[in-house]
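Coordinates in review
Take a look at the letters that make up each chain.
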Amino acid sequence: MEHSGLLFKIDSHSLLPINVQIKEQIKWLIGKGLLKPGDTLPSTNQLANQLSINRNTIQGVYSQLKEEGLLLIQKGRGTQVASEEEITRFKTQNPYFPFVEQTVKNAYELGFNIENVLLSGFAYMQLFGQPLKRKMRYLFIECKISSCTFYLDEIKRMTSAEIDTIDVSVSSEHILIEAIHNADVIVTRSDLAEKVKKFADAAQKTVISVGSTNDVSLLLNMIRG
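Described in the following lines is the structure provided in the data block.

**So, the nonpolar core**
Grouped together as the largest cluster of nonpolar side chains are 22 residues, with contacts concentrated most on Ile 22, Ile 26, Ile 30 and Ile 58. Those elements that place two or more of their residues in this core are helix H1 (18-31), helix H2 (44-51), helix H3 (55-67) and helix H4 (84-93). Among residues more than four places away in sequence, those in contact with Ile 30 are Leu 35, Leu 70, Val 81, Ile 87, Phe 90 and Lys 91. Formed by 14 residues, the second largest nonpolar core is a distinct cluster that contains Leu 139, Ile 141, Ile 186 and Ala 203.

This is the structure in structure tokens:
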């Protein structure tokens, strides 16, 4: 579908550079599903005219989003949203859109200036960093053999990490993908490692195979660290 009539909004008085405003708006349209895989975006000239800015600014945004895997730029076909696989990966790695949307609605209902709230949050992170140290989350996939159980017990004994387990024989692919996304480290049997790695790579997660000496050493170091 062609989206030459998309209405972007820029604020020349905002502290955010115009190119950042446009880039993040495109990400939102993709994250909310308003721009779907294969959809065509306005040409650089169209969008530049609509926003009364230099076309090089639009070209730069499109190029950045292409490098991030969200857009395809093809001669004669214009600029399109990337494949469903790439967009699914983006949404999996960036699940915060509903949270941000709800936070903004809550701030608005309380009468707060939204931009001040967001800038204050940015300043807070610069000053104080992460407010709390998040617990590591380990996911044990189909690990009923003794070696898996040993490491699971060691993690429970030596750390305060959160531990989840999943049986792939009775769980859907959707549940598996969601569990992997929520974990920091995935532990599985060596015979399942390749299958699991396919999903873990998309979510940029570490997979530990208890059948690999190198991986076992890594797991022990994580536990002790």
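**Some words on H3**
For H3, built from 13 residues, the straight-helix expectation of 18 Å at 1.5 Å per residue is met to within 8% by its first-to-last C-alpha distance of 19 Å. Along H3, the residues that are buried comprise Ile 58, Val 61, Tyr 62 and Leu 65. Projection of H3 onto a plane perpendicular to its axis shows the buried side chains occupying an angular sector of 95 degrees, all on one side. Among the exposed residues of H3, those pointing more than 90 degrees away from its buried face are Asn 56 and Glu 67. The inward-facing, buried residues of H3 abut H1, H2, strand E1 (71-74) and strand E2 (78-81). Two to three positions downstream of the cap, the backbone nitrogen of Asn 56 sits 2.7 Å from a side-chain oxygen, assigning the N-cap of H3 to Asn 54. Two residues or fewer after H3 comes Gly 69, characterised by a positive phi angle close to 85 degrees.

Rules used in this analysis
Residues numbered from 1 in each chain as written. Predicted model: local features only at pLDDT ≥ 70, side-chain atom pairs only at ≥ 80, totals over all residues. Heavy atoms only, no water. Core = buried A, V, L, I, M, F, W, Y, C linked by side-chain atoms within 4.5 Å. Buried < 20%, exposed > 50% of the residue type's maximum accessible area, 1.4 Å probe, protein only. Helix = DSSP H or I, 4+ residues; strand = E, 2+ residues; numbered from the N terminus. Contact = heavy atoms within 4.5 Å. Expected span 1.5 Å × (residues − 1). Arc of directions from axis to C-beta. Polar contact = N/O pair within 3.5 Å; in protein donor to acceptor, adjacent residues only side chain to side chain.

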